[in-house]
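Structure at a glance
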Amino acid sequence: MKNIIIITRKEITDLLRDRRTLMTMIVIPLLMFPLIFSIMGKFTSTQIKKEQEKALNIGINDNGNASQFRQLFNNRKDIKITNYSKAVKFDTLVQSGKLDGAILISDNFDSNIGTMKTGQITLLYKSANWGVRERLMDIMGKYKNSLMDERLAKLNLQRPAIDPVEIKIQDISTQREKIGQSIGGFIPYIFIIFGFIGCIYPAIDLFTNEKERGTLETILVTPVKRLEILFGKMIVVSLTGLVSAILSIVGLSFGLKQFSKALPQDIMGTLVNFIEPSNVIMLVAMLIPLVVFFAGIMTLITTYAKSYKEAQSIVSPMMILIVLPAIMGLMPGMELTALTAIIPITNIALASKEIISGTINYSLYAMVLASLLIYAVISVALAVKWFSKESNIVKA
Amino acid sequence: MIQVENVSKVFKITKKLKKELDIQQDSIKAIDNVSFECKPGRIFSLMGPNGAGKTTILRMIATILKPTSGNITVAGFNTIKEDQKVRQKIGFITGSTGLYERLTTNELVKYFADLYGVEKSVFEKRKGELYDILNITGFANKKIGQLSSGMKQKVSLVRTMIHDPEVVVFDEPTSGLDVIAAKNIIELIKQCKNQHKTVIFSSHIMSEVDLLCDDLAIIHKGSLLYNGPMDDFRKQMKTKNLTEEFIYLVETHKN
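Residues numbered from 1 in each chain as written. Chains lettered and ligands numbered in written order. Predicted model: local features only at pLDDT ≥ 70, side-chain atom pairs only at ≥ 80, totals over all residues.

Considerations on the overall build of chain B
As a reminder of what qualifies: Put simply, DSSP marks the helices as runs of H or I at least four residues long and the strands as runs of E at least two long, and each gets a number from the N terminus on. Here the globule rule reads 2.2 Å times residues to the power 0.38, and the radius of gyration is calculated from C-alpha atoms. Here a residue counts as buried when 20 or more other C-beta atoms fall within 10 Å of its C-beta, as exposed when 12 or fewer do, and as partly exposed in between; the C-beta atoms come from the backbone. Each residue gets a C-beta atom placed from its backbone, and two residues are in contact if those atoms lie within 7 Å.
In terms of regular secondary structure, chain B is built from ten helices and ten strands. Since a compact globule built from 255 residues should have a radius of gyration of about 18 Å, the 19 Å found for chain B is in line with a globular shape. For chain B, the spread of C-alpha atoms along the principal axes amounts to about 55 × 45 × 35 Å. Buried positions account for 40% of the 255 residues belonging to chain B. A separation threshold of at least 6 residues defines the contact pool for chain B, and within that pool the share at least 24 residues apart is 72%.

Next up, the structure:
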């Protein structure tokens, strides 16, 4: 035990002097989200404003009628209407961006309106152009409603006569649940990935590089047991994974807080709730076996690899194997059940989501924790076996 | 004291390596039934061309590798059953061993003293002695990455000797060093002999062997070609000097 502490302490001192480890373990997870949010925030808020204020250039073909409809657009600064003859290819004009949208009116529009039939209007727009459809539908919807009122009056009817059932929809999920399902799915995704990334460089440095540089041999000839060497190093790899996972969450919540001027007050309240001690303890309790599991996998790879490059070329595709089950946890409809509670990585993603929503089932949580522990033990056992193999630790 | 008795070492060949070397067999016998003894107060030299198996034998003595068959005893302890006790008695240094470049000399020496379980008071005294002998001044608090290769070699020597080992194993210790740095090693080997330590070193540099060696073993393709006192070897030589005799021996045993 004393030897494990000696090794752990030395490796931490050593790693903290490595710029690459500091970057991936501390700087990137801590600063990534505040930076992304501030850039995104600035960009989207100015962009939205610009889109809303921009005057739309709309082409219309009225087929010689619908003068009443056209009056809707008179004296509007935000929409500029240009009349085109039928021969113009509107879809090309809209596609190329010369027009923001086009309105085509059927030649029997006025007569249909006058004879209580349906007049047809076709609206061409690109859904990629944000807000065009909404702004035009708003104007035309009001026109449609006024025509409706006219007809009802003519027929001597009241609105309820054509609206027999009123359906009221009430979402009774709490704000916390709503956020839990949206951002809640995102948070575990972040810390799973950063937990893994945080393990990569330290593992390569502590196993592959030591073998490559011939320093591993110098500790193999000390009276320390090989298992003590392995555990000392794995503790450090797990710790760096844990630190970078936790820092990514700290960075994320800090970023959200900075960005929150745009967010409603109650969402912020929920996020603050999420940082409640009991939630944090439950999350960290799952994170610890997760990073040990990662450290075990990384030990297998970095002990096997003969060079830094080889280690990296194996680790990079591994990222996909880690990300996929995490994404599975993000998918709608995926819920924490007795089955998903034992799928590694997916289980922690789903459980975190429920913890944040405040809907966690404690017996399922216990299952998640137990299965994560089992995976951690298996990966450590494999690492032990692997590290005991001469050909893996001695340079030829 | 080191006793090597009928030791063989077989390496399994991976599929990848098989392809690279273009060979069929599944394993290679790197060491074939080797026996010798290194006595305290004498310098034992293991000589052989590249790939003869010198490093493999020394690694087995240092417990890094396990013999496939046979027994090795170091200072009375078996390298397989009592490996930790063996390592406590051994100082091991090779031309290719590295140092933790981000640590300072003092930090590195302290780390190894801790791993060897050296008591604090003993540690300070030994460290002082070794720093004096090797003239380590001025760079003890510098990061090792910033040191010259001569300085690094000195740090390696302190690392090897900090627990005052009874048996010292040098694997081509002077390879890649200039004459000044190599002199430090040669002085240290002589000093170990004077302190009645058991010393084994591998080399293919004849002048070193000539200068230091009391007992000699010549190894070629995993088997010993000669094992005995250096004086006896000189007497029975068929050629004029050591280098020629070494070449002659290896050439005549080509197959």
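Now, onward.
Considering the interface of chain A and chain B
Operational definition: Residue polarity follows a fixed list, in which Ala, Val, Leu, Ile, Met, Phe, Trp, Tyr, Cys and Pro are nonpolar, Asp, Glu, Lys and Arg are charged, and the others, Gly among them, are polar.
On the side of chain B, 24 residues touch chain A, which itself brings 20 residues to the contact. Here the element with the most residues in the side of chain A that touches chain B is helix α9 (residues 215-220) of chain A; it accounts for five residues. Counted by class, the side of chain A that touches chain B contains seven nonpolar, five polar and eight charged residues.

Overview of the sheet that holds strand β4 (residues 69-74) of chain B
All names here are of chain B. Condition: Strand pairing requires that DSSP identify at least two bridges connecting the strands.
Taken together, four strands build an open sheet; the order of strands is β2-β1-β4-β5 and the sheet is antiparallel. Of all the strands in the sheet, just β2 (27-38) and β5 (77-78) have a single pairing partner and so form its edges. In terms of strand pairing, strand β1 (residues 2-12) meets β4 through five bridges, oriented antiparallel. The residue of β4 that forms the bridge with Q3 is T73.

Brief notes about the domain arrangement of chain A
Quick note on the threshold: Note that domain bounds follow an automatic or database assignment of domains.
Here chain A is described as being made up of domain 1 (2-36 + 173-393) and domain 2 (56-162). For domain 1 of chain A and domain 2 of chain A, the distance between their C-alpha centroids amounts to 56 Å.

Some details on the environment of E37 of chain B
Residue and element names in this part refer to chain B. Mapped onto the secondary structure, E37 falls in strand β2. With 131 residues separating them along the chain, E37 and V168 place their C-alpha atoms 14 Å apart. Non-local contacts of E37, meaning those with residues more than four positions away in its chain, are made with I2 and Q3.

Overview of the environment of E107 of chain B
Residue and element names in this part refer to chain B. Along the chain, the position of E107 falls in helix α4 (residues 105-115). A tally of 17 C-beta atoms within 10 Å means that E107 is categorised as partly exposed. Distance in space between the C-alpha atoms of E107 and I2 is 31 Å, their sequence separation being 105 residues.

Observations concerning the environment of K144 of chain A
Structurally, K144 of chain A is set in helix α6 (residues 132-154). Counting along the chain gives 41 residues from K144 of chain A to I103 of chain A, while the straight-line C-alpha distance between them is 15 Å.

Examining unusual backbone geometry
For A66 of chain A, which is not a glycine, the phi torsion comes out positive at approximately 65 degrees. When you line up the elements, A66 of chain A lands in the loop between β1 (56-61) and α3 (67-71). Positive phi outside glycine occurs at A75 of chain B, with the angle close to 50 degrees. Following the sequence through the fold, A75 of chain B ends up in the loop between β4 and β5. Accessibility expressed as a C-beta count within 10 Å gives 17 for A75 of chain B, which makes it partly exposed.

Examining the sheet that holds strand β2 (residues 79-83) of chain A
All names here are of chain A. What counts here: Fitting a line to C-alpha atoms yields each axis, with helices limited to the stretch in contact; the angle taken between N-to-C directions then spans 0 to 180 degrees.
What the four strands build is an open sheet, ordered β2-β1-β3-β4; its pairing is mixed. Each of the sheet's edge strands pairs with one partner strand only, and the pair in question is β2 and β4 (121-125). Here the strands of the sheet are splayed against their neighbours by 20 degrees on average, with no regard to which way each runs. Note: strand β3 (residues 101-105) against β4, five bridges, orientation antiparallel. If you follow I103 over to β4, its bridge partner there is L123.

Section: helix α1 (residues 2-15) of chain A
Residue and element names in this part refer to chain A. We apply this condition: To estimate how far a helix should reach, multiply one less than its number of residues by 1.5 Å. Think of it as the arc spanned by the lines of direction from the helix axis to the C-beta atoms.
Between its first and last C-alpha, α1 extends 20 Å over 14 residues, near the 20 Å set by a 1.5 Å rise per residue. The set of residues buried in α1 consists of N3, I6, I7, K10, E11, D14 and L15. Considered in projection along α1, the buried side chains sweep an arc of 150 degrees and stay on one side of the axis.

Side note on the packing of helix α6 (residues 149-161) of chain B against helix α7 (residues 179-194) of chain B
Residues and elements named next belong to chain B. Keep this limit in mind: The labels follow the angle: roughly parallel below 35 degrees, roughly antiparallel above 145, roughly perpendicular from 65 to 115, and oblique for the rest. With the far helix as reference, a near helix turned anticlockwise by less than a right angle produces a left-handed crossing, and one turned clockwise produces a right-handed crossing.
In the contact formed by α6 and α7, the axes pass within 9 Å of each other and the chain directions differ by 15 degrees. For the element pair α6 / α7, the angle class is roughly parallel. The two elements α6 and α7 meet at a crossing, and its hand is right-handed. Each of G150, Q153, K154 and L157 in α6 lies in contact with α7, whose residues at this interface are I180, A181, N184 and L188. Looking at side-chain class alone, the contact of α6 with α7 contains four nonpolar, three polar and one charged residues.

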